[in-house]
Amino acid sequence: MKNLILIAAPAAGKGTLSEILVKKYNYAHISTGDLLREVSQDESELGKKVTNMLKNGELVTDEIVFELLEKKLETINGPYILDGFPRTLNQAYKYDELVVKLKKELGMVVVLNTPYETLKKRIVGRVLCKDCGSIYNTLTGVNMPKQEGICDKCGGFLYKRSDDNEESFKTRYETYMKKTKPLIEYYEKKGNLYYIDSSDTTTMLREIEDFL
Ligand code: AMP
């Protein structure tokens, strides 16, 4: 199995796809968003700084992101999925160097395509389980929790991420268009780029399995 880099607008299905691939193919899942949310729980100066950046939907500095990522990659032996990284061209250049330093493979880069309005509904209606991390949606009609506020799978409480609101979505989408989309051209030139339709889970999985 090749390492995967997922390039996608917010809520385009990176989390869902990763969850499936982890279960089916034993991939390790590295989400820089998750690593940052973990740090933001700390009472430290760093924790507070990260919390503010996350709340505003801004990108966190490369220095912080790379420190967390490198530490995480050092603990991984098999194939892995990078979810939410790289987010900028600069991160892509620095990641090329990190891959060499850590003797890893760059692998395949997969772009997930979903229409704008679908993304907005997914973000504004998204809720997650505090205990098992399962994702639900209260707006799209797909994956509604059976009982409001409660996880179908484990009975845990459902919560909303603080950046899952319309205003923050717009900022995150604009940031994606401006800073992350240029990565597509970068990896296209390297020749390891693939596109998949991520409007629904079944199509997304079928298309990625064609490449794996
Ligand atoms: P995500 O969970 O991927 O939607 O990321 C949530 C937030 O974490 C983003 O809006 C950014 O503020 C921050 N973040 C995640 N990954 C990165 C990254 N590679 N570089 C900078 N900031 C990031």
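Just above, that's the structure.
Residues numbered from 1 in each chain as written. Predicted model: local features only at pLDDT ≥ 70, side-chain atom pairs only at ≥ 80, totals over all residues. Heavy atoms only, no water.

(A) Up close: the overall build of the chain. For the chain, the helix and strand inventory stands at nine helices and eight strands. Along the first, second and third principal axes, the C-alpha atoms of the chain reach 50 × 45 × 30 Å. Within the span of the chain, comprising 212 residues, buried residues form 47% of the whole. Of the roughly 11600 Å² of accessible surface on the chain, a fraction of 50% belongs to carbon and sulfur atoms. (Helix = DSSP H or I, 4+ residues; strand = E, 2+ residues; numbered from the N terminus. Buried < 20%, exposed > 50% of the residue type's maximum accessible area, 1.4 Å probe, protein only. Areas by Shrake-Rupley, 256 points an atom, 1.4 Å probe, with all protein chains shown as cover.)

(B) Fine view of the pattern of salt bridges. Tallying each qualifying case throughout the model produces 16 salt bridges. The salt bridge partner of D96 is K190, with a shortest N-O separation of 3.3 Å. In this pair, D96 sits in helix 5 (residues 89-101) while K190 sits in helix 8 (residues 182-190), placing the two residues 94 residues apart along the sequence. For D96, a relative accessible area of 19% corresponds to the buried category. Of the charged contacts in the structure, one is a salt bridge between D164 and R172, with a shortest N-O distance of 3.4 Å. (Salt bridge = Lys/Arg side-chain N within 4 Å of Asp/Glu carboxyl O.)

(C) View of the nonpolar core. By size, the foremost hydrophobic cluster in this structure holds 55 residues, and its most contacted members are I7, Y95, L112 and Y187. When residues in this core are grouped by element, the largest group, six residues, is from helix 4 (residues 62-74). Excluding residues that lie within four positions of it along the chain, L112 makes contacts with L6, I7, A8, A12, G13, K14, L17, I196, S198 and M204. Counting residues in each nonpolar core, the second largest holds five residues, with C129, Y136, C151 and L158 among its members. (Core = buried A, V, L, I, M, F, W, Y, C linked by side-chain atoms within 4.5 Å. Contact = heavy atoms within 4.5 Å.)

(D) Structural context of the packing of aromatic side chains. Considering all chains together, one arrives at nine aromatic pairs under this definition. Ring geometry for F66 versus F85: centroids 5.3 Å apart, planes at 75°, classification edge-to-face. Highlighted residues: F66 in helix 4 and F85 in the loop between strand 3 (80-83) and helix 5, separated in sequence by 19 residues. In this pair, the class of F66 matches that of F85, namely buried. These aromatic residues form a ring-pair network of at least three members: Y116, F169, Y173 and Y176. (Phe/Tyr/Trp six-rings, centres within 6.5 Å; stacked < 30°, edge-to-face > 60°.)

(E) How the structure looks around the sheet that holds strand 5 (residues 126-129). The sheet built from three strands is open, its strands ordered 6-5-7 with antiparallel pairing. At either end of the open sheet lies a strand with only one pairing partner, and these are strand 6 (135-137) and strand 7 (158-159). (Pairing = 2+ DSSP bridges.)

(F) Spatial organisation of the side chain of S134. Among the secondary structure elements, S134 is positioned in the loop between strand 5 and strand 6. Engagement of the side chain of S134 in a polar contact is seen with the side chain of K153, the distance being 3.4 Å. S134 has contacts with V127, L128, C129, C151 and K153, leaving out every residue within four places of it along the chain. (Polar contact = N/O pair within 3.5 Å; in protein donor to acceptor, adjacent residues only side chain to side chain.)

Just distances and angles here, no functional claims.
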